[in-house]
Number of protein chains: 2
Amino acid sequence: MTPFLNKLVIIGTGLIGGSFALDLKRLGLVGEVVGVGRSPENLERALQLGVIDHASRDAATAVRDADLVLLSTPVGQMSGILAQIAPHLAAHTLVSDAGSTKRDVAALFRQHLGHCLDRCVPAHPIAGSDLSGAAAARYSLYENRTVVLTPLVESRPETVERIAALWSACGAVIKTMSPDEHDSVFATVSHLPHLLAFAYVAQVAARPNAEACFDLASTGFRDFTRIAGSHPEMWRDIALANRTALLADLKDYHAALATVISMVETSDGAAMAELFETARDARTNWFQRFKAKS
Amino acid sequence: MTPFLNKLVIIGTGLIGGSFALDLKRLGLVGEVVGVGRSPENLERALQLGVIDHASRDAATAVRDADLVLLSTPVGQMSGILAQIAPHLAAHTLVSDAGSTKRDVAALFRQHLGHCLDRCVPAHPIAGSDLSGAAAARYSLYENRTVVLTPLVESRPETVERIAALWSACGAVIKTMSPDEHDSVFATVSHLPHLLAFAYVAQVAARPNAEACFDLASTGFRDFTRIAGSHPEMWRDIALANRTALLADLKDYHAALATVISMVETSDGAAMAELFETARDARTNWFQRFKAKS
């Protein structure tokens, strides 16, 4: 089976969808790429850069006869888009997405694409960046990066295989799990730290001595807060979409922090050293593995 | 005034003290460097690498006739060392340190060196690293880095100037503030995030799905948790030493997190977007300034 696509439609022509299109073009795995978006300037840029072959502001028309429609918009826009495109999907069109949460996307697919769930696979390419827009798209973005597929029970194995093959061709490592599992893991490793970092920077900024603090903040601060530079609306949508799993993690963390506070309050050095050592060892082990695979 | 030192004694011959010695040697600002430490292997390495000229395991003997004694051990060891060296300091010997907390060091200087406080200046070179030991010492570590001096009311202006001149010669930017101010600022920009990162990684490691979490953690996780790879005992000492300021910050953060939890609980997207935007803007502004000066 060749995963070759005669026509790929990217809805949301930015870093994620654009980089996917670029790699497939270079690999000769796609005939025509149509980019759909709301910003004429961004679409024009995508055309100029060769990220897409045709631009459209109308998703319903664009998806006709597509082999694959990839939704790479913020998750908050997907419901409207799915409603628009649902009546216009051909009998062979596959649908996937690139959203950071999967339980909600699975539910949206189920709501709008009930007639073709066998051809749907929610997915999450883990290649975030603080860059965005078509101009940020680049070759090999997915080299050695993970793409999580969260097939529905209805998804046909052939659908999952073909979408996996396309991402694999871009150099990605494929992992498969349920939408619930995905959201629980990403609440822990991504959504929680984003909220912690946002809350932390907001607290520093609100201090009476904020000026002196920012003046003396250094590389530890820089790295710890990098994710607080992320897109506010995108992260609001993620927090809303993954509310249940995120809340559980936030509450666990809040409780863990109460324990830390009591360690500091009682000057319990032994408990602190033990906690810090557990964390240091886990982080060091993780980082060795992460470096080895990236 | 030349800041030239006939004899510099580094107590704790690691990254911080060693890099200071290397730069002063290269600049011709020091005649002889004596390294004091507990590990014979580390001292041997420091001699081999030319970081020090002589090694000693006995601080009391080593400090005789020193122009400057720099304590670059963990703060937890300083009381014992100061008690040992106090009777052996010459009338012209200056004493400084490189500890991450300053209120406690100021108190230790006051406790042990009451007879020569005019020649003491607590200091904090901001050049942390996950590397340590004499082998980690390198030239130009302090280039464009900040060194905070927290003079005592008793510190003579000449003492402060000479120590400032030495650090400036290494390329450092000098800031002067009170020990209290220092500890309050560093609780906020350094100690709090370290504890938050330690607590976070320990929580992930304790999850039933820790394996899956670590497997899918990516660059955001890597940067947010880098400081959780820091030295457990060193950070226990810092948390104990800066207990008051750190507790205030921890409690503020705990309260801020309760607000975040209630935003998520009530799906208050507007409040989240506002919080995230405040943080994003503050972080982006800070990073522009930080990049410009580093």
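Refer to the structure printed above.
A brief look at the structure comes next. As the structure is a prediction and not an experimental result, all values here were calculated from the model.

The next point concerns the sheet that holds strand E9 (residues 173-176) of chain A. All names here are of chain A. The strand order E7-E8-E9 describes an open sheet built from three strands, whose pairing is mixed. At either end of the open sheet lies a strand with only one pairing partner, and these are strand E7 (123-125) and E9. The average angle at which neighbouring strand axes cross in this sheet is 20 degrees, direction not considered. Against the sheet, helix H6 (residues 157-169) contacts E7, strand E8 (146-149) and E9, and its axis sits at roughly 170 degrees relative to E8.

So, about the relation of the copies chain A and chain B. Screw-axis analysis of chain A against chain B gives a translation of 0.0 Å along the axis, an RMSD of 0.1 Å, and a rotation angle of 180 degrees. Taken together, the rotation and translation describe the operation of a two-fold axis. Relative to the rotation axis, the closest C-alpha in chain A is found at A:Phe224, a distance of 2.1 Å. An overlap of 99% is found between the interface residues of chain A and their copies at the interface of chain B, pointing to a shared contact surface.

So, about the environment of B:Ala127. All names here are of chain B. Mapped onto the elements, Ala127 comes out in the loop between strand E7 (123-125) and strand E8 (146-149). The buried category is assigned to Ala127, whose relative accessible area is 1%. Distance from Ala127 to Gly76, taken between C-alpha atoms, is 19 Å for residues 51 residues apart in sequence. Apart from residues no more than four positions distant in its own chain, Ala127 is found in contact with Leu15, Ile16, Leu141, Tyr142 and Arg145.

Another point: the pairing of strand E4 (residues 68-71) of chain A. Residues and elements named next belong to chain A. Covered by surrounding structure in E4 are Leu68 and Leu70 together with Val69 and Leu71, the residues of both alternating faces. In terms of strand pairing, strand E1 (residues 5-11) meets E4 through four bridges, oriented parallel. Note on E4: the bridge partner recorded for Leu8 is Leu68. Where E4 lies against strand E5 (residues 94-97), four bridges are found, and the strand directions are parallel. Residue pairing for E5: Val69 is matched across the bridge by Val95.

Cut-offs and rules
Residues numbered from 1 in each chain as written. Chains lettered and ligands numbered in written order. Predicted model: local features only at pLDDT ≥ 70, side-chain atom pairs only at ≥ 80, totals over all residues. Heavy atoms only, no water. Pairing = 2+ DSSP bridges. Helix = DSSP H or I, 4+ residues; strand = E, 2+ residues; numbered from the N terminus. Axes fitted to C-alpha atoms, helices over the stretch in contact; angles between N-to-C directions. Contact = heavy atoms within 4.5 Å. Least-squares fit on C-alpha atoms with pLDDT ≥ 70 in both. Buried < 20%, exposed > 50% of the residue type's maximum accessible area, 1.4 Å probe, protein only.

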